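# Observations on chain architecture
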Amino acid sequence: KNQVEQSPQSLIILEGKNCTLQCNYTVSPFSNLRWYKQDTGRGPVSLTIMTFSENTKSNGRYTATLDADTKQSSLHITASQLSDSASYICVVRLTGNQFYFGTGTSLTVIP
Amino acid sequence: DSGVTQTPKHLITATGQRVTLRCSPRSGDLSVYWYQQSLDQGLQFLIQYYNGEERAKGNILERFSAQQFPDLHSELNLSSLELGDSALYFCASSGTEGGPLHFGNGTRLTVT
């Protein structure tokens with residue numbers, strides 16, 4: 001069982017619509033959680049980073065939430081654009097130096 | 001541009017061969033991480049170096065090895081290649097242990 005699970009596995013939405021991606025993790029002790037965007041054939045790029053004490057963090061049209069008690073995070077994308085089509089990866093870092101990667105959500109935005 | 005450079009971008013080789021992938025981290029970053037991403041799979045952590053020393057090991061096969069040189073660039077050596085080794089290999093660097101990861105654009109390895 002993957003220790004960082006993301007849902008849905010894939011998602012197709014119309015341009016201009018909003019969507020929310022989920023990340024549930026079981027690993028501990030938690031240090032921070034990052035959301036990355038990975039375009040096809042490119043390296044992942046960091047969108048947000050959240051520590052234990054942060055509940056919400058925004059980066060433009062991307063808003064991440066974190067509930068460290070339930071070990072859940074979400075990434076909300078508003079007013080989606082065609083360029084948002086990518087894989088979104090949730091990464092949990094433990095205290096120390098271990099990173100746990102989710103398998104990602106593949107988002108396709110269609111006109 | 002993340003500042004992390006990986007070469008070559010593409011590599012096609014035959015089974016049984018050996019290849020070397022190269023990574024130049026962001027200027028000043030001491031940590032280098034290697035990841036493997038197979039088709040439609042998540043990123044699998046292989047190995048991490050910090051300032052020339054191996055710091056953590058993941059699911060790295062014995063046929064694979066890596067090192068980080070004094071100038072902080074790193075090389076990932078893959079030997080006795082098998083068809084299943086075909087994947088994207090990413091290098092990432094960070095300035096402090098556990099700091100944000102900055103990824104290169106990967107080397108796509110195809111084993112035929």
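Residues numbered from 1 in each chain as written. Chains lettered and ligands numbered in written order. Predicted model: local features only at pLDDT ≥ 70, side-chain atom pairs only at ≥ 80, totals over all residues. Heavy atoms only, no water.

### Considering the packing of aromatic side chains
By convention here, two paired aromatic rings are described through the distance between centres and the angle between planes. Applied cut-off: Here the aromatic set is Phe, Tyr and Trp, taking the six-membered ring for Trp, and pairing holds for ring centres within 6.5 Å; pairs whose planes are under 30 degrees apart are stacked, those over 60 apart are edge-to-face, and all others are tilted. Numbering goes from the N terminus for both helices and strands, where a helix is a DSSP run of H or I of at least four residues and a strand is a run of E of at least two. Relative accessibility thresholds used throughout: buried, under 20% of the residue-type maximum; exposed, over 50%; partly exposed, between the two (1.4 Å probe, protein chains only).
Applying the stated rule across the entire model yields eleven aromatic pairs over all chains. Centre to centre, the rings of Y36(A) and F103(B) are 5.7 Å apart; their planes meet at 85°, and the pair counts as edge-to-face. Of this pair, Y36(A) sits in strand β4 (residues 30-38) while F103(B) is found in strand β10 (residues 102-103), placing the two residues in two different chains. The buried category is assigned to F103(B), whose relative accessible area is 2%. Judged by centre distance (6.4 Å) and plane angle (85°), the ring pair of F101(A) and F103(B) falls under edge-to-face. Residue F101(A) is located in strand β10 (residues 99-101), and its partner F103(B) is located in strand β10; the two belong to separate chains.

### Let's talk about the state of the cysteines
As a reminder of what qualifies: Note on terminology: pairs of cysteine sulfur atoms within 2.5 Å are recorded as disulfides.
If you walk through the whole model with that rule in mind, you get two disulfides over all chains. For C23(A), the disulfide goes to C90(A), at an S-S distance of 2.0 Å. The chirality of the disulfide connecting C23(A) with C90(A) is left-handed, given an S-S dihedral of about -65°. Of this pair, C23(A) sits in strand β3 (residues 19-25) while C90(A) sits in strand β9 (residues 86-94), placing them 67 residues apart in sequence. Take C23(A) and C90(A): they sit in the same class, and that class is buried. Disulfide pairing is shown between C23(B) and C91(B); the S-S distance is 1.8 Å. Judged by the torsion about the S-S bond (-50°), the C23(B)/C91(B) disulfide is left-handed.

### Overview of the interface of chain B and chain A
Rules: Residue contacts follow a heavy-atom distance rule, with two residues in contact if any of their heavy atoms lie within 4.5 Å. Throughout, the accessible surface (probe 1.4 Å) given up by two parts as they are put together, summed over both, is called the buried area. Salt bridges are defined as contacts in which a side-chain nitrogen from Lys or Arg sits within 4 Å of a carboxyl oxygen from Asp or Glu. Side-chain atoms alone can form a polar contact between residues adjacent in sequence; in general such a contact is a pair of N or O atoms within 3.5 Å, and within protein one must be able to donate a hydrogen while the other accepts it. Basically, the charged four are Asp, Glu, Lys and Arg, the nonpolar ten are Ala, Val, Leu, Ile, Met, Phe, Trp, Tyr, Cys and Pro, and anything else, Gly included, counts as polar.
Listed by partner, the interface residues are 16 residues for chain B and 14 residues for chain A. Both sides together, the interface formed by chain B and chain A hides about 1,300 Å², and carbon and sulfur atoms give 53% of it. Where chain B touches chain A, the interface holds zero salt bridges. Applying the counting rule to chain B against chain A returns three residue pairs in polar contact (both at pLDDT 80 or more). The dominant element in the side of chain B that touches chain A, judged by the number of residues it contributes, is strand β4 (residues 31-37) of chain B, at three residues. Of the residues belonging to the side of chain B that touches chain A, the class tally is seven nonpolar, seven polar and two charged.

### Side note on the sheet that holds β3(A)
All names here are of chain A. Applied cut-off: Paired strands are those between which DSSP finds at least two bridges. Geometry is summarised by axes, namely lines fitted to C-alpha atoms with helices restricted to the contacting stretch, and by angles between N-to-C directions that run from 0 to 180 degrees.
With respect to topology, five strands assemble into an open sheet ordered β1-β3-β8-β7-β6, the strand pairing being antiparallel. This sheet does not close on itself; its edge strands, each paired only once, are β1 (4-7) and β6 (56-59). Mean inter-strand twist for the sheet, computed between neighbouring axes without regard to direction, equals 15°. Examined bridge by bridge, β1 and β3 share four bridges and lie antiparallel to one another. Its bridge partner being in β3, E5 is matched across the sheet by N24.

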